[in-house]
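An overview of the molecular structure
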Amino acid sequence: ALRLPGTWMIVLVGLGLGWWGDWKTVSANSVWLLVSLAAIGEVAEFGVSILSARRAGGSRRAALFGMIGGLIGMIATVPLPPPLLAPIGGAVVGCFVGATIGELWKQDRFDQSMKVGLFAAVGFALGMAVKVALALGMSLIVAWKVFRPE
């Protein structure tokens, strides 16, 4: 389950341009770099949220529910305006709600559960920011390979 598939789309564009240009425009090494950056983005997006929830004293259940809540929140808000911002906000809110419910289920302490939910949501937002920054860098790599002056 990928939350923001943009990095993998950039990998596919780089792969297609490389194949189409006989690997002269975009080299195989460049494609491997793009794959590596996309994988780092996935780990950042999921990992920072999980680590944040755990740092706040959250359980594994809270971390899992936070991931599931984020995914549900993003999918549920896709049809809402504005087109790109609603799913991002829905994912952050869903992550918060999911982690809070998961922690409440585990230890039945509302204050601690809210703290875990907040940390999970902030961690998710930070992970998403890292992934967006990586996607911008990946786009610049592909653009440089295609449009660089010779």
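Scroll up to find the structure this text is about.
To start, this report covers the structure provided alongside it.

Cut-offs and rules
- Residues numbered from 1 in each chain as written.
- Predicted model: local features only at pLDDT ≥ 70, side-chain atom pairs only at ≥ 80, totals over all residues.
- Heavy atoms only, no water.
- Helix = DSSP H or I, 4+ residues; strand = E, 2+ residues; numbered from the N terminus.
- Areas by Shrake-Rupley, 256 points an atom, 1.4 Å probe, with all protein chains shown as cover.
- Expected span 1.5 Å × (residues − 1).
- Phe/Tyr/Trp six-rings, centres within 6.5 Å; stacked < 30°, edge-to-face > 60°.
- Lys NZ or Arg CZ within 6 Å of the ring centre and 35° of its normal.
- Buried < 20%, exposed > 50% of the residue type's maximum accessible area, 1.4 Å probe, protein only.
- Lys, Arg positive; Asp, Glu negative; His and termini not counted.
- Salt bridge = Lys/Arg side-chain N within 4 Å of Asp/Glu carboxyl O.
- Contact = heavy atoms within 4.5 Å.
- Patch = residues over 30% accessible without salt bridge, like charges linked within 9 Å, V, L, I, M, F, W, Y side chains within 5 Å.

1. Focus on the overall build of the protein chain
A count of helical and extended segments in the protein chain gives five helices and zero strands. Beginning at the N terminus, the succession of helices and strands in the protein chain can be written as α-α-α-α-α. Taking the principal axes of its C-alpha atoms as reference, the protein chain extends roughly 65 × 30 × 20 Å. A total accessible area of about 8,700 Å² is found for the protein chain, and carbon and sulfur atoms account for 75% of it.

2. Focus: helix α2 (residues 28-55)
Between its first and last C-alpha atoms α2 spans 39 Å; for 28 residues at 1.5 Å apiece the expected length is 40 Å, and the two agree. Just downstream of α2 lies glycine 57, where phi reads positive at about 90°.

3. Thoughts on the packing of aromatic side chains
Where two aromatic rings form a pair, the distance of their centres and the angle of their planes describe that pair. A full pass over the atoms with the stated rule returns one aromatic pair. A centroid spacing of 5.5 Å and a plane angle of 65° characterise the contact between phenylalanine 65 and tryptophan 105, whose relative ring orientation is edge-to-face. You can see phenylalanine 65 sitting in helix α3 (residues 60-76) and its partner tryptophan 105 sitting in helix α4 (residues 85-107), a full 40 residues away along the chain. One Lys or Arg, arginine 61, reaches over the ring of tryptophan 105 and ends 4.6 Å from the middle of that ring.

4. Regarding the side chain of glutamate 103
In this structure, glutamate 103 sits in helix α4. Among buried Asp, Glu, Lys and Arg side chains, glutamate 103 stands out as unpaired, with arginine 54 the closest opposite charge at 7.1 Å. Setting aside its immediate chain neighbours within four residues, glutamate 103 contacts Gly57, Gly58, Ser59, Ala62, Asp108, Gln112, Ser113 and Val116.

5. Considering a nonpolar patch on the surface
Taken together, Met9, Leu12, Leu15, Trp19, Trp20 and Trp23 make up a surface patch of nonpolar side chains, about 790 Å² in accessible area. Mapped onto the secondary structure, methionine 9 falls in helix α1 (residues 6-20).

6. Points about the pattern of salt bridges
As enumerated under the stated definition, the model contains three salt bridges in all. Lysine 131 is the partner of glutamate 45 in a salt bridge, and the nearest nitrogen-oxygen pair spans 3.0 Å. Taken together, the residues glutamate 45 in helix α2 and lysine 131 in helix α5 (residues 110-147) connect sequence positions 86 residues apart. Residue classification places glutamate 45 among the buried positions, given a relative accessible area of 0%. A salt bridge links aspartate 111 to arginine 109, with the shortest nitrogen-to-oxygen separation between them at 3.7 Å. Judged by relative accessible area, aspartate 111 falls into the exposed class, the value being 52%. Overlapping salt bridges, with partners in common, bring together Glu42, Glu45 and Lys131 in one network.

7. Let's talk about unusual backbone geometry
Among all residues save glycine, negative phi is the norm, and among peptide bonds the norm is trans. In this model, proline 81 is joined to proline 82 through a cis peptide bond whose omega is -15°. Structurally, proline 82 can be placed in the loop between α3 and α4. If you check the backbone angles, aspartate 22 has positive phi at about 55° while not being a glycine. For aspartate 22, the position within the fold is in the loop between α1 and α2. Even without glycine at this site, tryptophan 23 takes up a positive phi of about 65°. Following the sequence through the fold, tryptophan 23 ends up in the loop between α1 and α2.

8. Details of the environment of leucine 33
In this fold, leucine 33 is placed in helix α2. In this structure leucine 33 comes out as partly exposed when scored by relative accessible area, which is 40%. Sequence-wise, leucine 33 and leucine 85 are 52 residues apart; in three dimensions their C-alpha atoms are separated by 29 Å.

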